[in-house]
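Remarks on the overall topology
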Amino acid sequence: MKKLLPVYVRVPLLFATVLIGLEYFIDSGDRPAFIKYPMVSLFLAVFLFLLIAIEIVVNAVDKVTYHLLTDEQRKQLEEAQSIPITESKFLKGLMQKLTRSKEIEQESDVMLHHDYDGIKELDNVLPPWWVYLFYGTIAFAFIYLIRFHVLDGDNQAEEFKHEVELANLELLKNATSKPDDMNIDKVTLLTDEASLAKGKEVFTNACAACHKADGGGIVGPNLTDEFWINGGGIKNVFKIISEGSKNNQSMVSWKGIFKPTEIQQIASYVLSLQGTKPAGAKPAEGEKWVEEAAPKTDATPVVDSTKVATTK
């Protein structure tokens, strides 16, 4: 059957539309969504496969249907397909509604009764699209009058002034705010209630879907036992949250979403779950992690040989 757009235009156009829509609605930071999130790439691959499959099926159905037609029906179909799109009934009807123009055979109905050296004039009505646009400008002018001359709305100069003031305040705020320079070398375990509460809040919103709200694990591993796949301790947990896990593609990098100090709070909260033993927790995975002990000091007192004991 006749299509408005050929398949080699239709399929890329639909695919590009969906891709642009995903990039617009998914916040992926400084990287494309289909690169940062593997599930987006998988969805696009499945969508492209379905588009091609649908085109193949529709083409096959068209061929079967064509062979089932009689000779007269095939002739009518070929005649209909030979008509240019500009001559189609739909486009003609649309143009008629937009212009309300008369056909040549009907010009006598709108012909004026005066003649200028053989030149006659038609009394056509104004095109509806032009009339509606004119009414729209009147409505806009009325709203503009109320907004800026009755309600004293900001004009362009005042709006520019306000935007400059806001920009200067933002620059001042950024200049005075302390940069977040937390990293894996500086990170330490937080134990205060405020930091753990913030870490719990973020964990519940972002991590509970894979690790469960109590840390017992669903798709992700159990975070409450002593066994770790990528190593335990504050530095390893901070690194996994920040950079993601090579052993599990579901554990993506969160450094583009959370600040380093927020990741420190999340990691500290995760470690606070150790030994809680929630109900229905997943079996242990990985290796048992033992925190390195601080170096022991010799308790034997050191005698200063330079001092000489005196006796009475």
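Parameters and conventions
- Residues numbered from 1 in each chain as written.
- Predicted model: local features only at pLDDT ≥ 70, side-chain atom pairs only at ≥ 80, totals over all residues.
- Heavy atoms only, no water.
- pLDDT = per-residue confidence, 0-100.
- Helix = DSSP H or I, 4+ residues; strand = E, 2+ residues; numbered from the N terminus.
- Contact = heavy atoms within 4.5 Å.
- Phe/Tyr/Trp six-rings, centres within 6.5 Å; stacked < 30°, edge-to-face > 60°.
- Lys NZ or Arg CZ within 6 Å of the ring centre and 35° of its normal.
- Pairing = 2+ DSSP bridges.
- Salt bridge = Lys/Arg side-chain N within 4 Å of Asp/Glu carboxyl O.
- Buried < 20%, exposed > 50% of the residue type's maximum accessible area, 1.4 Å probe, protein only.
- Core = buried A, V, L, I, M, F, W, Y, C linked by side-chain atoms within 4.5 Å.
- Expected span 1.5 Å × (residues − 1).
- Arc of directions from axis to C-beta.

In this model, the protein carries a mean pLDDT of 83, and residues with pLDDT of at least 70 account for 90%. Per-element averaging of pLDDT across the protein places strand β1 (residues 111–116) at the bottom with 79 and helix α6 (residues 128–150) at the top with 92. Across residues 294–300, where pLDDT falls below 50, the model places zero contacts with residues more than four positions away in sequence or in other chains. Every residue in residues 308–312 is under pLDDT 50, and counting partners more than four places away or in other chains gives zero contacts.

Summed over all chains, the structure comprises eight aromatic pairs. R74 extends its terminal NZ or CZ atom over the ring of Y66, reaching a point 5.1 Å from the ring centre.

In the case of a regular strand, side chains alternate between the two sheet surfaces. With three bridges connecting them, β1 and strand β2 (residues 119–122) associate as antiparallel partners. Within β2, the residue paired with M111 across the bridge is L122. Following β1, the chain reverses through two residues before pairing antiparallel with β2; D117 in that reversal takes a positive phi of roughly 50°.

Another aspect to go through is the pattern of salt bridges. Evaluation of the coordinates by the stated rule reveals three salt bridges. Residue R10 is joined to E55 by a salt bridge in which the shortest nitrogen-to-oxygen separation is 2.8 Å. Of this pair, R10 sits in helix α1 (residues 7–25) while E55 sits in helix α3 (residues 38–68), placing them 45 residues apart in sequence. Assigned by exposure class, R10 and E55 land together as buried. With its nearest N and O atoms 3.5 Å apart, the salt bridge here joins E285 to K282. A residue is classified by how much of its surface remains accessible, and E285, at 30% relative accessible area, is partly exposed. Owing to a relative accessible area of 24%, K282 belongs among the partly exposed residues under this scheme.

Core analysis: the largest hydrophobic core is formed by 22 residues, its most contacted members being F203, W228, V237, I241, F258, I266 and V270. The dominant element in this core, judged by the number of residues it contributes, is helix α11 (residues 260–272), at six residues. Setting aside residues no more than four positions away along its own chain, F258 makes contact with V202, A206, I263 and I266.

Here α1 spans 27 Å end to end across 19 residues, near enough to the 27 Å set by a 1.5 Å rise per residue. Taken together, the buried positions of α1 are occupied by R10, V11 and L22. Take α1 and look down its axis: the buried residues cluster within an arc of 95°, on one side only. Turned more than 90 degrees from where α1 packs its buried face, Y8, I20 and Y24 sit exposed.

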